[in-house]
Amino acid sequence: QVKLVESGGGLVQAGGSLSLSCAASGSIFSMNVMGWYRQAPGNKRELLATIMADDSTNYAYSVKGRFTISRGSAKNTVYLQMHSLKPWDTAVYYCNAGGRTTTGSRYDLWGQGTKVTVSS
């Protein structure tokens, strides 16, 4: 029983910044990978960034150098710091996490999404 909740979305002007949060809760034993995705209307869901249990990270070309994924002091929270936002960054942003529950089963879950709108 694991749950992910995103927060932090909103309206920002082009060139501005936003920081998104993803809080995980429930019967979590381990969290092997957490990632941020986004989906704009009419488009497929796209992977933006991942962070592994050892804190190694990977970024999509479209956001590399502008977005930073990180884990909080509380390991059940992951952040996406977004800078130099562009109108084409407008989308619903989703958190994903995969790992093991306290009963030993695998989980691969999505949050409900948080909307980011970047105005020109």
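Residues numbered from 1 in each chain as written. Predicted model: local features only at pLDDT ≥ 70, side-chain atom pairs only at ≥ 80, totals over all residues. Heavy atoms only, no water.

Q: I'd like a rundown of the state of the cysteines, residues and numbers included.
A: All chains considered together, the criterion is met by one disulfide. A sulfur-sulfur separation of 2.0 Å characterises the disulfide bridge that pairs Cys22 with Cys95. Taking the torsion about the S-S bond as the criterion, the Cys22 to Cys95 disulfide, at about -80°, is left-handed. Taken together, the residues Cys22 in strand S3 (residues 18-26) and Cys95 in strand S9 (residues 91-101) connect sequence positions 73 residues apart. According to the relative accessible area criterion, Cys22 is buried, its value standing at 0%. The class of Cys95 is buried, set by a relative accessible area of 0%. (Disulfide = S-S within 2.5 Å. Helix = DSSP H or I, 4+ residues; strand = E, 2+ residues; numbered from the N terminus. Buried < 20%, exposed > 50% of the residue type's maximum accessible area, 1.4 Å probe, protein only.)

Q: Account for the packing of aromatic side chains, naming residues and giving values.
A: By the definition in use, this model includes one aromatic pair. Residues Tyr37 and Trp110 carry aromatic rings whose centres are separated by 4.7 Å and whose planes lie at 65° to one another, so their mutual orientation is edge-to-face. Of this pair, Tyr37 sits in strand S4 (residues 28-39) while Trp110 is found in strand S10 (residues 106-110), placing the two residues 73 residues apart along the sequence. With a relative accessible area of 38%, Trp110 lands in the partly exposed category. Positioned above the aromatic ring of Tyr94, the side-chain terminus of Arg45 is 3.7 Å from the ring centre. A cation over an aromatic ring shows up here: Arg45 above the ring of Trp110, its NZ or CZ 4.7 Å from the ring centre. (Phe/Tyr/Trp six-rings, centres within 6.5 Å; stacked < 30°, edge-to-face > 60°. Lys NZ or Arg CZ within 6 Å of the ring centre and 35° of its normal.)

Q: Before we move on, can you summarise the pairing of strand S8 (residues 77-82) with the specific residues and values?
A: Strand direction decides the pairing type here: S3 and S8, joined by six bridges, are antiparallel. Bridge pairing in S8 links Ser21 to Tyr79. Both strand S7 (residues 67-71) and S8 contribute to a ladder of five bridges, which runs antiparallel. When the bridges of S8 are listed, Ile69 appears paired with Leu80. (Pairing = 2+ DSSP bridges.)

Q: Please give an account of the pattern of salt bridges that cites residues and values.
A: Following the criterion strictly, the structure yields three salt bridges and no others. When the shortest N-O distance is used, the salt bridge between Arg66 and Asp89 registers 2.7 Å. Here Arg66, found in the loop between strand S6 (57-59) and S7, pairs with Asp89, found in the loop between S8 and S9; they are 23 residues apart in sequence, far enough to count as distant. The two residues Arg66 and Asp89 agree in class, both being buried. (Salt bridge = Lys/Arg side-chain N within 4 Å of Asp/Glu carboxyl O.)

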